[in-house]
Amino acid sequence: MTSPYRDPERACPACKATLREFRGRLCCDACSGIMLGLADLTMAIEQLTRIAPDVKFIDDPMRGEAGSRNCPHCAATMTPCRLDVTLLEDRPKLKPELDRCGAHGVWFDNEELAKVLEVLRRAVSPKGGGGAAPSGFIEGYKF
Ligand SMILES: [Zn+2]
Ligand SMILES: [Zn+2]
């Protein structure tokens, strides 16, 4: 018997392993990638920096592996993009190249999300001080 509540298997866009759902996020135990909704990402940044961020994606369709990754929620081909976060006057440089689904959010490869959060944290820390992140906050985004 099949249950109507059972989701189809969700495959990791990077390594095709089965993803694990964790608080509405999809995580890959095999490669440590994570799929996050835009609202979830915005909230995480706001919790960390205490500043409501302006989060945008800059699409980068010319990137090499364009079209090679599929959204684990809907299987649509994801759009290669970069993340653009504005915190008040600050616009920290964020390097990771990401893949996003217009409907479901953005995929971060292995520890890219933790790296992004660390850059943002430094951007809002007092000069030279480098205040500590809330205990375990960034670790919570590593899997
Ligand atoms: Zn994976
Ligand atoms: Zn999708």
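Calculation notes
- Every chain's residues receive numbers from 1 upward, in the order its sequence appears when written.
- Chain labels run from A onward and ligand labels from 1 onward, assigned in the order the entries are written.
- Predicted model: local features are reported for residues with pLDDT of at least 70 only, side-chain atom pairs are reported and counted for 80 or more only, and whole-chain, interface and lining totals are derived from all residues.
- Excluded from the side-chain calculations are hydrogens and water; all other atoms, namely the structure's heavy atoms, are used.
- The rule for donors is simple: N, O or S, within 2.8 Å of the metal, or within 3.2 Å if the metal is Na, K or Ca. Water isn't counted, so a site may look like it is missing partners.
- Just to be clear on the cut-offs, tetrahedral is four donors with all angles between 85 and 135 degrees, square planar is four donors and octahedral six with opposite donors over 155 degrees apart and all others between 65 and 115, and anything else goes down as irregular.
- Throughout, exposure labels follow a simple rule: accessible area from a 1.4 Å probe, protein chains only, divided by the maximum for the residue type, with under 20% read as buried, over 50% as exposed, and the rest as partly exposed.
- Where helices and strands are cited, they refer to DSSP runs of H or I of at least four residues and of E of at least two residues respectively, numbered from the N terminus.
- Expected helix span is given by 1.5 Å per residue-to-residue step, counting one fewer step than there are residues.
- Every residue pair with non-hydrogen atoms within 4.5 Å of one another is taken to be in contact.
- Residues belong to one nonpolar core when they are buried, are Ala, Val, Leu, Ile, Met, Phe, Trp, Tyr or Cys, and are joined through side-chain atoms within 4.5 Å.
- Pairing between two strands is assigned when DSSP locates at least 2 bridges connecting them.
- Think of it as the arc spanned by the lines of direction from the helix axis to the C-beta atoms.

**Re the coordination of the zinc ion (ligand 1)**
No. 1: Within the protein, the atoms that donate to the zinc ion (ligand 1) are Cys12 (SG), Cys15 (SG), Cys28 (SG) and Cys31 (SG), at distances of 2.2 to 2.3 Å.
No. 2: Geometry at the zinc ion (ligand 1) is tetrahedral, judged from the four donor atoms that bind it and their angles of 105 to 120 degrees at the metal.
No. 3: Within one chain, the residues donating to the zinc ion (ligand 1) are spaced in sequence as C-x2-C-x12-C-x2-C.
No. 4: Judged by relative accessible area, which is 0%, Cys12 ranks as buried.
No. 5: For Cys15, a relative accessible area of 34% puts it in the partly exposed group.

**Comments concerning helix H2 (residues 112–124)**
No. 1: Here H2 is 13 residues long and its end C-alpha atoms lie 19 Å apart, about the 18 Å a rise of 1.5 Å per residue gives.
No. 2: All buried positions along H2 are accounted for by Glu112, Leu113, Ala114, Val116, Leu117, Leu120 and Arg121.
No. 3: Residues of H2 that are buried make contact with strand E3 (34–36), helix H1 (38–49), strand E5 (79–86), strand E6 (97–101) and strand E7 (105–108).

**Let's talk about the coordination of the zinc ion (ligand 2)**
No. 1: Taken together, the protein donors to the zinc ion (ligand 2) comprise Cys71 (SG), Cys74 (SG), Cys101 (SG) and His104 (ND1), at separations of 2.0 to 2.4 Å.
No. 2: In this structure, the zinc ion (ligand 2) is surrounded by four donor atoms whose angles at the metal cover 106 to 112 degrees, and the resulting shape is tetrahedral.
No. 3: One chain supplies every donor for the zinc ion (ligand 2), spaced along it as C-x2-C-x26-C-x2-H.
No. 4: Of the residues examined, Cys74 reaches a relative accessible area of 37% and is grouped as partly exposed.

**Topic: the environment of Val106**
No. 1: Inspection of the secondary structure assignment puts Val106 in strand E7.
No. 2: With relative accessibility at 0%, the residue Val106 sits in the buried group.
No. 3: Each C-alpha atom of the pair Val106 and Arg82 lies 10.0 Å from the other, and the pair is 24 residues apart in sequence.
No. 4: Apart from the residues lying within four places of it in its own chain, the contact partners of Val106 are Ile34, Met35, Leu36, Leu41, Phe57, Leu98, Asp99 and Arg100.

**Topic: the nonpolar core**
No. 1: Ranked by size, the top nonpolar core spans 25 residues in total, and within it Leu41, Ile45, Leu83, Val85, Phe108, Leu113 and Leu117 carry the most contacts.
No. 2: Among the secondary structure elements, those contributing two or more residues to this core are E3, H1, E5, E7 and H2.
No. 3: Take this core: its biggest share by element is five residues, from H2.
No. 4: Setting aside chain neighbours within four positions, we find Ile45 in contact with Arg50, Ile51, Pro53, Val55, Val85, Leu87, Leu117 and Leu120.
No. 5: Counting nine residues, the second-largest nonpolar core is a separate cluster that includes Cys12, Cys28, Cys71 and Met78.

**Looking at the pairing of E5**
The side chains of a regular strand alternate between both faces of the sheet.
No. 1: In this structure, strand E4 (residues 54–59) lies alongside E5, joined through six bridges in antiparallel fashion. Bridging from a neighbouring strand, Val55 pairs with Val85 of E5.
No. 2: Two strands pair when backbone bridges link them, and E5 and E6 are joined in this way by four bridges, in the antiparallel orientation. Directly across from Arg82, in E6, lies its bridge partner Glu97.

**So, H1**
No. 1: Taking 1.5 Å per residue as the helical rise, H1 with its 12 residues ought to reach 16 Å, and the 17 Å between its terminal C-alpha atoms agrees with that figure.
No. 2: Turning to H1, its buried residues are Asp40, Leu41, Ala44, Ile45, Leu48 and Thr49. Each buried residue of H1 sits inside an arc of 150 degrees when the element is viewed along its axis, so together they form one side.
No. 3: Where the residues of H1 are buried, they touch strand E2 (25–27), E3, E4, E5, E7 and H2.
No. 4: At the exit of H1 stands Arg50, carrying a positive phi of roughly 65 degrees.

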